[in-house]
Amino acid sequence: MLSEKPSFFKGGSGHNFSGTPASTVSSAARPVSLSDMPAREASSTAPKNAKGAGFFDALISVSLFAIFFGLPIFFTGLTFQGIAFEKQMYFYVWLLIGIVAWASKGVVTGEMHIRRTALDIFILLFLVVYGVSALMSVDRWHSFWGFFGDPSRGMISLTALALAYYFIMSHFTMKRFFLMFGGFLASGFLVVVWSILGVSGVSFLPEAIQTYAPLSLIGTVSTLGIFLSVLVPLFITALYLVWKSTSMKPGFRFTFLGFIGLGLLGTLYLMLALYPFLLDTTKSSLSWMVPLGGISFFLVYILAQIVRPPEQLTWVPMFVFVAILAFLMIGSNSLLRATLPVEVSPNQRLSLQVAKESLKENFFLGVGPANYGYAFSQYRPNEYNNGPLYSVRFYQGTGVFFESLTTIGLIGTALLLIVWLSYLSMGMYLLSSDKEKNKYLSLGLWTGSIMFFIAAFTAPLNGTLILIGVLISTLALALLMKESHSEERYYSLSFKASPKYALALAFIFMLVSAGVAFLFVFIGKVYLADIAVGTAARMSAQAPQKESLALMSSAIGKYPQEGRYYTRLGQEQLSLLLDVEVRKSEEDQDKDVNSALYQQAVGNIKEATRRMPNDVLSIETLGLAKENGVPYVTDADAAVLLTDGFDAYKRASELEPTNPLLIIKQGQMKRLLADAKDPKADAVEQSALYEEAKGLFMKAAEKKPNLAAAHYNLALTEARLKNMDGALKSITAALQYDRNNANFKYNQGIFYQVRDKGNDKELAETAFKDILKDNDKLIDVRLSLGLLYESWNKRDQALEQYRKILDFLPTDGNEMIQSTRKQVEKLISTLQSGKSNIASDSSAAEIVQPTTLSPSLPVTPSAEPNASPLTGPTP
């Protein structure tokens, strides 16, 4: 008699979870139809020797092997978006090949079977909610396709993962299991070898390939650590499997055991070597819980004798558990020989704060899949400015859970948790029941699933880990159901049911085939486009050149939907303009060509903002482009450009309200507009603009009190308003936070010189001389010091400074240097004639005008896809 099970595990889910072989389950209660009969019964109705079925079966096996073997190790290093993007495209291609083979086999045999599982309804509901959230997203295209750099959060990726789940479940056999499991372990072994050589500083690749090769094949060093943690229980499981094998020849058996043992030891070595990225308990990341929690789970089942490994190898998981504890106690070590990159990610507290603020306005469906970057900018707390990483913009959260709350809201996250908990409860039930079946294979894979589950709450997961996590979890469930002898039920589609039904299915098949063909072509074009942009970026990293612009234009032609490409093309055009064309002599410059190139750059960046209207990076890049365009337009149009630049920075600040750098840029635009006004004819308007700029700089200083740039720009504006006391107060505050900044010191000296009260001249002299100690060839500083001595009636010291300037200017220099020499010689001549270079009717403020730092667009744009031109690289 069958024992009564909870309703969740009854036949309504399509499974018998009692552990009783399916052949013993009574079906007398209702008629059995083809749509839910066990696999061996359903398959018996199809032609066993249908022509071509064997080929498609083989192709399905090849695609499954290629996915599991190739995903961890595949890379080209040629794309602009990086390794996560490359692996995503690789996954799409092989999955599409498998789906085509599956559908083709269905056409050949006349039937198609899809495995039923207890998760079907929850997966469908989650897909629907995810799709609705994508439709209501702040950036629909990227919610559909996935964000630039890592498209794993897009609707396409989620759909592909759901297809992969049913593809694996529907074609699972023990033969294919060994193919997939063996392929993944072989790939994992290669990752271990690669990583050991990499962290040891061993150059093992040809120089031409070394340039493109990443240190971590999984993406980042942190995600590599999580991947290595998952390998541990899988290597232990492989040891058990090979040890118990009776069909393998002794020589092969011990060879495999040796390789598996080396893989396990190499993995443990890397976990210790990468301690700061994985096991460091003093950092905000909780990734150390992944290996410790997983191995604890594995060991509990063995100690409770629910699973019984070979007696000779029972000590292995205990050894690994003790080793990990020892690593935690050993802490940082000197095993690393290579310089590893600095990696940053938002901690759990920051991710939770962003999620809470986002839910206040986007409670049910979030801001949209793959749009965490938007939410982070919009809802990051002001206290984020207190840290050194205040300028870093994160596009993924720490932990899938917090990121889901932000992007797909409470409904989507609740359904995601239901899928997870249903999966875990099903697995725990099956794994814990029927101890006599000794499911040691399932225990190893299920431990890997548990590790991914822990990582989903504690660590940042890139697209590679998400793909691998879903694949391993699917394989674990299929294996566990096989080892538990759970009843296999299928949704069956038949081309033989009736002519009308067959015609409808054939039509659907044709539509699916056309869709798959379109996706193949589209993915190919996307991949080729990104390779073109990557090539262009590497070319321009050496020096801006027109060939890179042609490559980027061709990439946009292949994949016009991506806004980042337009931003990059605009940056490259401005880079070429600023670094090449403008540096030519006046005779060689073609102002019409320069103006046209500038207009093209602005047009491309505007197109980027049209396609990504809520993207801070695109909008702030437009602001910089407008700001840097003043030399290429008439004076009348310059004010329009500066106003447009202000509007762009204002919009960017609306999208990222706590970023003080964007507020500073608004203030700079206001000050530049004021500088362009006539101080006599437009005095009132000029003063009002300066006051607006002052208010913005004060606001930036409130957002981040220790931001030197805010105090510095406030000082410059106070000087424009002739409030020298306020200017000196602000410049002193700026120097408090950046003591070695020569610009700050120089302007402090200028302010003392202009105010000219008490011992201000001595203080100005000290400031100028302090700068010259570090670099005595600064002409501007020596000129200011000479003018200071003139105003101080120290003519000999002034002459000394002017003559030193001449010493630094070669007599055979270019036209600009010769012009400067003539000006300095005139200063010397005037002073030697007994006259002064300072007019007697000049006010102190007119003697020296304080300098304004107006940052321009970087000459060479960053090689990172999502790097801000204001804040630098972002993770």
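If you're wondering where the values come from, they're calculated on a predicted model, not measured in any experiment.

**Regarding the overall build of the protein chain**
- Regarding its fold elements, the protein chain presents 35 helices and 2 strands.
- When the 875 residues of the protein chain are sorted by exposure, 54% land in the buried category.
- For the protein chain, contacts bridging at least 24 residues in sequence account for 74% of all contacts bridging at least 6.

**A word on the side chain of Arg782**
- Along the polypeptide, Arg782 turns up in helix H32 (residues 779-791).
- A distance of 2.7 Å separates a polar atom in the side chain of Arg782 from a polar atom in the side chain of Gln801.
- Look past the residues within four positions of Arg782 in its chain and what remains in contact with it is Leu772, Asp776, Gln801, Lys804, Ile805 and Phe808.

**Here's the deal with the pairing of strand E2 (residues 490-494)**
- Going residue by residue along E2, you find Tyr490, Ser492 and Ser494 tucked away on one face and Tyr491 and Leu493 left uncovered on the opposite face.
- Alignment of strand E1 (residues 111-115) against E2, held across 5 bridges, turns out to be antiparallel. Paired with Met112 across the bridge in E2 is Leu493.

**Overview of the packing of helix H33 (residues 795-808) against helix H34 (residues 815-832)**
- Contact geometry of H33 with H34 gives a least axis separation of 10 Å together with a crossing angle of 160 degrees. Here H33 lies roughly antiparallel to H34, going by the angle between them. Once H33 is placed against H34, the crossing between them reads as left-handed. For the pair formed by H33 and H34, the contact residues are Arg795, Ala798, Leu799, Tyr802, Arg803, Ile805 and Leu806 on the first element and Arg821, Val824, Glu825, Leu827, Ile828, Leu831 and Gln832 on the second.
- Of the residues assigned to the contact of H33 with H34, the class counts are 9 nonpolar, 1 polar and 4 charged.

**Regarding the environment of Phe177**
- Checked against the element boundaries, Phe177 lands in helix H7 (residues 174-199).
- Residue classification places Phe177 among the buried positions, given a relative accessible area of 0%.
- Taking the C-alpha atoms as reference points, Phe177 and Ser61, 116 residues apart in sequence, are found 9.8 Å from one another.
- Excluding residues that lie within four positions of it along the chain, Phe177 makes contacts with Phe172, Gly182, Leu441, Leu445, Leu475 and Leu479.

**Details of the confidence of the model for the protein chain**
- Per-residue pLDDT for the protein chain has a mean of 88; in total, 89% of the residues score no lower than 70.
- When the elements of the protein chain are averaged for pLDDT, helix H35 (residues 844-847) gives the smallest value, 37, and helix H4 (residues 120-135) the largest, 98.
- Considering only residues more than four positions removed or in separate chains, one finds that residues 840-860, a stretch of pLDDT under 50, has 51 contacts.

**Considering the packing of aromatic side chains**
- Enumeration over the complete set of coordinates arrives at 44 aromatic pairs.
- Each ring, one from Phe91 and one from Tyr92, has its centre 6.2 Å from the other, and the planes form 45 degrees; the classification is tilted.
- For Phe91, a relative accessible area of 1% translates into the label buried.
- Seen from their ring centres, Trp141 and Tyr559 are 6.4 Å apart, and the 55 degrees between their planes marks the pair as tilted.

Each value, and the rule that gives it
Position labels on residues start from 1 in each chain and follow its written sequence. Given that the model is predicted, a residue must reach a pLDDT of at least 70 before its local features are reported, and side-chain atom pairs must reach 80 or more before they are shown or counted; all residues, however, enter totals for whole chains, interfaces and linings. As a rule here, side-chain values come from all non-hydrogen atoms in the structure, and water together with hydrogens is ignored. Only DSSP runs of H or I reaching four residues or more are called helices, and only runs of E reaching two or more are called strands; each is numbered from the N terminus. Remark: exposure states derive from per-residue accessible area (1.4 Å probe, protein chains only) relative to the maximum for the residue type, with buried under 20%, exposed over 50%, and partly exposed in between. Throughout, a residue-residue contact means that at least one pair of heavy atoms, one from each residue, lies within 4.5 Å. Definition of a polar contact: a pair of N or O atoms within 3.5 Å, with one able to donate and the other able to accept a hydrogen when the atoms are protein atoms, and with sequence-neighbouring residues admitted only if both atoms are side-chain atoms. Strand pairing follows a simple DSSP-based rule, namely that at least 2 bridges must link the two strands. With axes taken as lines fitted to C-alpha atoms, and helix axes fitted only over the stretch in contact, angles between N-to-C directions fall between 0 and 180 degrees. Comment on the angle field: the value is read as roughly parallel under 35 degrees, roughly antiparallel over 145, roughly perpendicular from 65 to 115, and oblique elsewhere. Here a crossing is taken to be left-handed if its near helix is turned anticlockwise relative to the far helix by less than a right angle, and right-handed if that turn runs clockwise. Residues are grouped as follows: Ala, Val, Leu, Ile, Met, Phe, Trp, Tyr, Cys and Pro are nonpolar; Asp, Glu, Lys and Arg are charged; all remaining types, including Gly, are polar. As a per-residue measure, pLDDT tells how confident the predictor is, with possible values from 0 to 100. Aromatic contacts are taken between Phe, Tyr and Trp rings whose centres are within 6.5 Å, Trp giving its six-membered ring; a plane angle under 30 degrees counts as stacked, one over 60 as edge-to-face, and the others as tilted.

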